[in-house]
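# Architecture at a glance
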Amino acid sequence: LRRADVLSQLAHARTQAGEFAEAHEGLRAAAQLLADGPHARVLADIRRRMADTYIAEGKPAEAVAILQPLVGTLDGDALGQGLAQLTLARAHLAREHLDPAAGAAAAALTALASVGARDFQADAERLLGEVALAQGRHEDAFSHARRSLTYVDDIARGLSDDSMAKARAQRARTFDVGLSAGWQASRPSWCVEMLEHWRARALLDGLGGSMRLSGRGLPPKLRDRESAAQADLVGAHRRLWRERRTGKLAAVRESTKLVHEAQASLEEARRDVQRASKQLAALKAPAPLNHAEVSSRLLAGEALAYLTWHASDVVAITVSAKTTEQTRLCSAEEARKAIAAFDEARNDSADAGAHERLQRLRLLLTGSLRVPDGTHTLFLCPEGALNHVPWPALLPALDVACIPSGTVLTALRSQRSTAASDVLALGNPSYGVRAATSVPMHFRGRALTALEGSEAEVRAVARGKQDRKLIGEGATEAALREALSRPRPWRALLLSCHGLIERDHPGLSALALTADATDDGFLTVHEVLETRIAADLVVASACDSGRGQTVRSEGVVGFARAFMVAGA
């Protein structure tokens, strides 16, 4: 059984790598190992993976031939039946057999609901949305996408910030279905709702679910109760997953009941939080705004443009207090080539063509952008590689700011401090050999060099009587945390140092400070999330600190997100 499981997992990896012949060979070997044993459920999973491989290979007819007889053998196994029907729906959809696809997806949804498999319920709703979209039933497609999103939210609840983004990225097709329904129906309000829910939800879950901000004015007992309820929910989900693997329906139903009870306890705790502190609740667990709410939050002279990839195009949905428009900007291929060319020039200061490449970006991405008359401030919500475009340079006549979503803008505005005036500035950390460590700080085999210019930057910025400077040996993690722990917030925090980016593991990206006897000097994204950043503005004057892992439909998981979650 263990050998078959390993072979099956290897085959899945080979399918994802496009090594279909090797995947089929491994799955046949796994099935042969179990052919004469009492492992019918595991054997059914292996056959379903065979069908998955055929679908990935572009041979959906072969997948249907495997799945149709398999479905009839799974009576009494609701999870197995649901997963088989789900895969069958995908195979029918790949063949453009829409009615059979809808029937299989509906059957999958019923079976999966009986065991509380919300992750796969999300996939079934999305498939129903894809069928409706292909049939031109835009309103039905949008409704299915919305219901799928509720399940995606449940999946992501309780996860860490980067894990949450990855869970949602696995189901980004849900976002595509909802956005396509709105775009094709010329209903930009639907597009805004989908964009806000998808873009705002992950960061809002970070703001609320992470408990980073719950110490502000919240009674300790209430804070502890919410934290315990969150932990109970995570534990209940883990138990449900274990029981679902056994296939014992009674145990699955009991675990599903515990998940629902834990969810109810968490929601009750959050309602009590809202009663205890309405201002805190507005930031801790706000719901994503709809189109009308986004429009009403924008002030005179402000507009918000969502910039996203749709089908083979880059498109924009621009919202102001009075108007909403959807616009095609350029082809996706043109945009990707222009962004890559500019990025190459940005990394080469001697490139004489940088200006021309910038002009090319401006023409492609802003030439057709419709900004309402009278706009002086434009908020942009870019997606994917569009996050790496220097938008203020493309729109020099406007005040431009990139934000995660209109919902997050509203949440952050509600927390803006008007009393803070002092600056905390850190720069020119010491990267040389010290007695505490005996080793110079390195990153990927390269010793970090001193940044003497950053000391001049710190002294130029922190000139007030109440300002504070952390320089050289004093630029440690401990000194930074001590300075941030004061009761009054800072007007601004400047971190002038090396930025070290881990794109595949964004939580490990770091700002390099001075190491001492207790800290390694690498202030990671994870550590920022665990720190209360009581500052209106954070400036990371460090290489690539605006970069990170770009997650489909959500933006960049990295320092900017971490500092906002931590309170900036």
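Report follows, based on the coordinates. Each chain has its residues counted from 1, following the order in which its sequence is written. Residues qualify for local features only when their pLDDT is at least 70, as the model is predicted, and side-chain atom pairs are given and counted only at 80 or more; totals for whole chains, interfaces and linings, by contrast, use all residues. Water and hydrogen atoms play no part in the side-chain values, which are based on all heavy atoms of the structure.

### Thoughts on the packing of aromatic side chains
Put simply, the rule reads: Aromatic rings from Phe, Tyr and Trp, taking only the six-membered ring of Trp, are treated as a pair when their centres fall within 6.5 Å; an angle between ring planes under 30 degrees marks them as stacked, one over 60 as edge-to-face, and anything in between as tilted. The way it works is that DSSP assigns letters per residue, a run of H or I at least four long becomes a helix, a run of E at least two long becomes a strand, and they are numbered from the N terminus. A 1.4 Å probe rolled over the protein chains alone gives each residue an accessible area, and that area as a share of the maximum for its type sets the label: buried under 20%, exposed over 50%, partly exposed in between. Only Lys NZ and Arg CZ are tested; either one counts as a charge over a ring when it is within 6 Å of the ring centre and within 35 degrees of the ring normal.
Evaluation of the coordinates by the stated rule reveals two aromatic pairs. The interplanar angle of 10 degrees and the centroid separation of 4.9 Å between the aromatic rings of Phe 142 and Trp 190 together place this pair among those described as stacked. Remark: Trp 190 occurs in helix α11 (residues 188-209) and Phe 142 occurs in helix α8 (residues 138-156); sequence separation between them is 48 residues. For the pair Phe 142 and Trp 190, a shared accessibility class is recorded, and that class is buried. The ring of Trp 309 carries the charged tip of Arg 336 above its face, separated from the ring centre by 4.3 Å. The ring of Trp 490 has Arg 486 sitting right over it, with the charged end atom 3.6 Å from the ring centre.

### Details of the sheet that holds strand β5 (residues 399-402)
Quick reminder of the rule: Two strands qualify as a pair provided that DSSP identifies no fewer than 2 bridges between them. Only C-alpha atoms enter the line fits that serve as axes; for helices the fit covers just the stretch in contact. Angles between N-to-C directions range over 0 to 180 degrees. By definition in these notes, contact holds between two residues if any of their heavy atoms fall within 4.5 Å.
Pairing is mixed across the open sheet formed by five strands, whose spatial order is β3-β2-β1-β4-β5. For this open sheet the edge positions go to β3 (324-331) and β5, each flanked by a neighbour on one side alone. Ignoring strand direction, the axes of neighbouring strands in this sheet form an average angle of 25 degrees. In the packing of helix α10 (residues 173-184) onto the sheet, contacts are made with β1 (302-310), β2 (313-320) and β3, and the angle to β1 comes to roughly 115 degrees.

### Brief notes about the nonpolar core
Rule in force here: Residues belong to a common nonpolar core when they are buried Ala, Val, Leu, Ile, Met, Phe, Trp, Tyr or Cys residues joined through side-chain atoms within 4.5 Å.
Counting residues in each nonpolar core, the largest one holds 40 residues, and the members touching the most others are Ala 63, Leu 67 and Leu 112. Elements with a contribution of two residues or more to this core: α3 (40-56), α4 (60-71), α5 (78-94), α6 (98-113), α7 (118-134), α12 (220-246) and α13 (249-276). Residue contributions to this core peak at nine residues, all from α5. Not counting residues within four places of it along the chain, the set of residues in contact with Ala 63 comprises Ala 51, Tyr 54, Ile 55 and Ala 91. Among the nonpolar cores identified, the runner-up in size contains 36 residues, and Cys 497, Ala 510, Val 525 and Phe 563 belong to it.

### Details of unusual backbone geometry
Within the chain, Asn 428 stands out as a residue other than glycine whose phi angle is a positive 45 degrees. By secondary structure assignment, the location of Asn 428 is in strand β6 (residues 423-429). In this model, Asp 544 sits at a positive phi of 60 degrees, which is unusual for a non-glycine residue. Of note, Asp 544 is situated in the loop between β14 (535-541) and β15 (548-551). Under the relative-accessibility criterion, Asp 544 is labelled partly exposed at 32%.

### Let's talk about the packing of α5 against α7
The condition is simple: Here roughly perpendicular refers to angles of 65 to 115 degrees, roughly parallel to angles under 35, roughly antiparallel to angles over 145, and oblique to all remaining angles. Helix crossings are classified by the rotation of the near helix relative to the far one: an anticlockwise turn of less than a right angle makes the crossing left-handed, while a clockwise turn makes it right-handed. Residues are grouped as follows: nonpolar covers Ala, Val, Leu, Ile, Met, Phe, Trp, Tyr, Cys and Pro; charged covers Asp, Glu, Lys and Arg; every other residue, Gly included, is treated as polar.
Two numbers describe how α5 lies on α7: the axes approach to 11 Å, and their chain directions differ by 25 degrees. By the angle between their directions, the pair α5 and α7 is classed as roughly parallel. Viewed along their axes, α5 and α7 form a crossing whose handedness is left-handed. On the side of α5, the interface is formed by Leu 83, Leu 86, Ala 89, Arg 90 and Leu 93, while α7 contributes Phe 120, Asp 123, Ala 124, Leu 127, Glu 130 and Val 131. Within the contact of α5 with α7, the residues separate by chemical class into eight nonpolar, no polar and three charged.

### A closer look at the environment of Glu 25
Mapped onto the fold, Glu 25 is located in helix α2 (residues 20-34). The sequence separation of Glu 25 and Ala 11 amounts to 14 residues, and the corresponding C-alpha distance is 8.1 Å.

### Let's talk about the state of the cysteines
Stated formally: Any two cysteine sulfur atoms within 2.5 Å of one another count as a disulfide.
Using the criterion set out here, one finds zero disulfides in the structure. Cysteine Cys 402 remains unbridged, with the sulfur of Cys 381 as its closest cysteine sulfur at 8.4 Å. Since its relative accessible area comes to 44%, Cys 402 is described here as partly exposed.

### Some thoughts on the pattern of salt bridges
The line we're drawing: Salt bridge criterion: a side-chain nitrogen from Lys or Arg within 4 Å of a carboxyl oxygen from Asp or Glu.
For the structure on display, the rule yields 25 salt bridges. Residue Asp 45 pairs with Arg 41 through a salt bridge whose shortest N-O separation is 3.7 Å. One end of the pair, Asp 45, and the other, Arg 41, are both in helix α3, four residues apart, so they sit about a helical turn from each other. Between Glu 333 and Lys 337 there is a salt bridge whose closest N-O contact spans 3.2 Å. On the criterion of helical spacing, the pair formed by Glu 333 and Lys 337 is a turn pair, its members being four residues apart in helix α16 (residues 332-346). Lys 337 shares its class with Glu 333; the two are exposed.

Purely spatial values, then, with no claim about function.
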